[in-house]
Amino acid sequence: MDQKNATYRLVMNSLFIVLSILLSRLLAIRIPIGNVEVIRFGFGTIPMFLSAFIFGPLDGFIVGGLSDLIGFWINPMGAFLPQFTLTSALHGLIPGIVFRYFFKRRINYWSLAISCGLGEAVGITLTPFFIHQAFDVSYAVLMPPRIGGYVVSFFLNAFIMLLLLTRIPQIYKMMEKK
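Here the residue numbers are simple positions, counted from 1 along each chain's written sequence. For a predicted model such as this one, the threshold for reporting local features is a pLDDT of at least 70, and the threshold for listing and counting side-chain atom pairs is 80 or more; totals across whole chains, interfaces and linings nevertheless cover every residue. Hydrogen atoms and water are omitted, and side-chain values are computed over all heavy atoms in the structure.

### Regarding the overall build of the chain
Secondary structure summary: the chain contains 7 helices and 2 strands in total. When the helices and strands of the chain are placed in sequence order, the string is α-β-β-α-α-α-α-α-α. Against the compact-globule benchmark of 16 Å for 178 residues, the chain has a radius of gyration of 16 Å, which places it among compact chains. Based on the C-alpha atoms only, the size of the chain along its principal axes is roughly 50 × 30 × 25 Å. The buried label goes to any residue with under 20% of its type's maximum accessible area, the exposed label to any with over 50%, and the partly exposed label to all in between, with areas taken from a 1.4 Å probe on protein chains only. The 178 residues of the chain split such that 43% are buried. Long-range contacts, defined here as pairs at least 24 residues apart, represent 69% of the contacts in the chain between residues at least 6 apart. Using a 1.4 Å probe, the Shrake-Rupley method yields the accessible areas, and only the shown protein chains count as cover for residues. Per element, the accessible surface of the chain, about 9500 Å² overall, is 71% carbon and sulfur. In this charge count, Lys and Arg are treated as positive and Asp and Glu as negative; neither His nor the chain ends contribute. Think of each charge as sitting on NZ of Lys, CZ of Arg, CG of Asp or CD of Glu. Of note, the chain has its 14 positive side-chain charges centred 9 Å away from the centre of its 7 negative side-chain charges. Secondary structure counts use DSSP, requiring at least four H or I residues in a row for a helix and at least two E residues in a row for a strand, with both numbered from the N terminus. The globule rule used for comparison is 2.2 Å times the number of residues to the exponent 0.38, while the radius of gyration itself is calculated over C-alpha atoms. We call two residues in contact when some of their heavy atoms are within 4.5 Å.

Laid out in structure tokens, this is it:
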């Protein structure tokens, strides 16, 4: 990779990190129970997915991890738990792996829905597990709203990604270059 492409990739991933922080920390709907934020519904994973789909799974992993770390530093919500940083990083890694190696970077609704859905599955499995372990919040409280949110995000994230990847010429050109 030449210097120009490396710089472009760095700038784009930095932009994705900032967008992820804004969409997940400032423009998200938060539902606390007691003093613990149990549900946060937003679109902070979309920039992670974009990075993973355009540049690869490793870039999605880095964008996910750094967006959580920097987001916590800027706007902390509770105690820092590295497990949530790992979960955020996996939100970028898993869809990138599935999209690149299983679907061979074919852009259609179902390839994006399955790729994004598997990434979001991390959020509805690992996050409740870590909240339960750290704060002893019951799974009966944690799981029902997450499953409902997962169903909505499964279809909505794929639709948003399809629009972004096919309707914005600059993003479509980046997808063609790979």
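### As for the packing of helix α2 (residues 45-55) against helix α4 (residues 82-102)
Between N-to-C directions, angles cover 0 to 180 degrees, with each direction set by a line fitted to C-alpha atoms, over the stretch in contact for helices. Contact pair α2 / α4: the axes reach a minimum separation of 8 Å and the direction vectors enclose 40°. By the angle between their axes, α2 is oblique relative to α4. Regarding α2 and α4, the two cross each other, and that crossing is right-handed. In this structure, α2 contributes Thr45, Met48, Phe49, Ala52, Phe53 and Phe55 to the contact, and α4 contributes Ser88, His91, Gly92, Pro95, Gly96, Phe99 and Arg100. The classification used treats Ala, Val, Leu, Ile, Met, Phe, Trp, Tyr, Cys and Pro as nonpolar, Asp, Glu, Lys and Arg as charged, and all other residues, Gly among them, as polar. Considering only residue class, the contact of α2 with α4 consists of 7 nonpolar, 5 polar and 1 charged. For classification, angles of less than 35 degrees are called roughly parallel, those exceeding 145 degrees roughly antiparallel, those between 65 and 115 degrees roughly perpendicular, and all remaining angles oblique. Crossings are classed by handedness, with left-handed meaning an anticlockwise turn of the near helix from the far one by less than a right angle and right-handed meaning a clockwise turn.

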